Amino acid sequence: MELLLIVAVIGAVVFLVSKSQKKSSGHSANQLEDAKADARQAIERLGGQVYNLTGTDDASKQALADASERYTAAGSQIDQANSPAQARLAKQTALEGLYYIRAARTAMGMDPGPEVPSLDGQKSAGQVSEDREIEFEGRQVAASPNPSQRTPNYYPGGRVAGRPVPAGWYSEPWWKPALVAGAWGVGSMLLFSAMFSGMAGVAYGAQDFESGAGDGSDAGADGGDMGGDAGGDAGGEDFGGGEDFGGGDFGGGDFGGGDFGGGFDF
């Protein structure tokens, strides 16, 4: 009798454990599917703009090229996503692409469309608030809050290889080597110091840049390469009429956006 009781207890325990594991597994699967659906919404809206817009000048063409690369990368990331975190990385990449879409539309004198949720690290990275031009390693490097023939390369702001890069328009994508290689070169702090020292929109200095710190305004942001959840849903509005819109290393896309000239020391 005691033996039967022990067997019955063991059977009940096994049943409950199995049931709990199945429930947990089902919950995780639902979370993954929800995260994928959320990311795909942003990716699809990004794709709609990538295919429906044509640049009319250097700045808009470059921004659309960058948006197209993010679209390709986000598609690759979502195809390989096996966890909600990886799906959120795909969404983050798509949201970054939507910022490039807004930049392209602005450069062409069009309404940029609805706001896009903030990217991780974007607020603490700050933004270019005035025109600056410096001489660095024998060439002129410029930054501006506005697109121009001199500054056709846009960056939406955020972290690249763990360090903040302010949002703005630049004469060249000086952050690209770090974005591709995942690490900054020796000259990066010197360029940052010369370019952004004392600028109102950038509330931190070269030492903070070197250590990866920002101004703390979005302290919850991931310190990685624009990774993590965007903290919002890009798909919550109808951008209609062919208009707007719709991290983890998946190797999707070049993330470069044009040729990086000038022999930058990275």
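Residues numbered from 1 in each chain as written. Predicted model: local features only at pLDDT ≥ 70, side-chain atom pairs only at ≥ 80, totals over all residues. Heavy atoms only, no water.

Asker: Which residues make up unusual backbone geometry, and what are the values?
Answerer: Positive phi outside glycine occurs at E137, with the angle close to 50°. Its identity as a non-glycine residue notwithstanding, A161 has a phi of 50°, on the positive side. Its place among the elements puts A161 in the loop between β4 (158-160) and β5 (163-165). (Helix = DSSP H or I, 4+ residues; strand = E, 2+ residues; numbered from the N terminus.)

Asker: Would you mind going over the pattern of salt bridges in detail, with residue names and values included?
Answerer: The final tally for this structure, using the stated rule, is nine salt bridges. With a closest N to O distance of 2.8 Å, R139 and E172 form a salt bridge. One end of the pair, R139, is in strand β2 (residues 139-144); the other, E172, is in the loop between β6 (168-170) and α5 (176-181), and 33 residues separate them in sequence. Judged by its relative accessible area of 12%, R139 is buried. Residue E172 is classed as buried on the basis of its relative accessible area, which comes to 9%. Beyond isolated ion pairs, a larger network of salt bridges with shared partners links E69, R70 and E96. (Salt bridge = Lys/Arg side-chain N within 4 Å of Asp/Glu carboxyl O. Buried < 20%, exposed > 50% of the residue type's maximum accessible area, 1.4 Å probe, protein only.)

Asker: Run through a nonpolar patch on the surface, naming residues and quoting values.
Answerer: A cluster of nonpolar side chains, contributed by L5, V9, V13 and V17, occupies part of the molecular surface with about 350 Å² of accessible area. In this structure, V17 sits in helix α1 (residues 2-52). Given the relative accessible area of 43%, V17 is considered partly exposed. (Patch = residues over 30% accessible without salt bridge, like charges linked within 9 Å, V, L, I, M, F, W, Y side chains within 5 Å. Areas by Shrake-Rupley, 256 points an atom, 1.4 Å probe, with all protein chains shown as cover.)

Asker: Can you tell me about the pairing of β2, naming the residues and giving the values?
Answerer: Most of β2 sits inside the fold, with five of its six residues counted as buried. Pairing of strand β1 (residues 132-136) with β2 involves five bridges; the strand directions are antiparallel. Across the sheet, residue E135 finds its bridge partner in β2, namely Q140. Hairpin connection from β1 to β2: two residues lie between these consecutive antiparallel strands, with E137 at a positive phi of about 50°. As judged from the two bridges shared by β2 and β6, these two strands associate in the antiparallel manner. The partner of A143 across the bridge, within β6, is Y170. (Pairing = 2+ DSSP bridges.)

Asker: Provide a residue-level description of the nonpolar core, including the pertinent values.
Answerer: For soluble globular proteins, nonpolar side chains are generally found buried alongside one another. Membership of the largest hydrophobic core comes to 54 residues, with the highest contact counts inside it found for V160, Y170, W174, W175, W184, F192 and F196. No other element matches the eleven residues that helix α3 (residues 84-107) contributes to this core. (Core = buried A, V, L, I, M, F, W, Y, C linked by side-chain atoms within 4.5 Å.)

Asker: Mind laying out the sheet that holds β2, listing which residues take part and the relevant values?
Answerer: One open sheet accounts for four strands, arranged β1-β2-β6-β3; its pairing is antiparallel. Taken across any chain shown, the strands that pair with only one partner, and hence form the sheet edges, are β1 and β3 (153-155). Sheet twist, expressed as the average angle between the axes of neighbouring strands with direction ignored, equals 25°. (Axes fitted to C-alpha atoms, helices over the stretch in contact; angles between N-to-C directions.)

Asker: Report on helix α6 (residues 188-196), specifying residues and quantitative values.
Answerer: Buried residues of α6: S188, L191, F192, M195 and F196, and no others. In a view along the axis of α6, the buried residues occupy a sector of 100°, so they form one face of it. The inward-facing, buried residues of α6 abut β1, β2, β5, β6 and α7 (206-211). The positive-phi residue at the C-terminal boundary of α6 is G198, with phi of around 80°. (Arc of directions from axis to C-beta. Contact = heavy atoms within 4.5 Å.)

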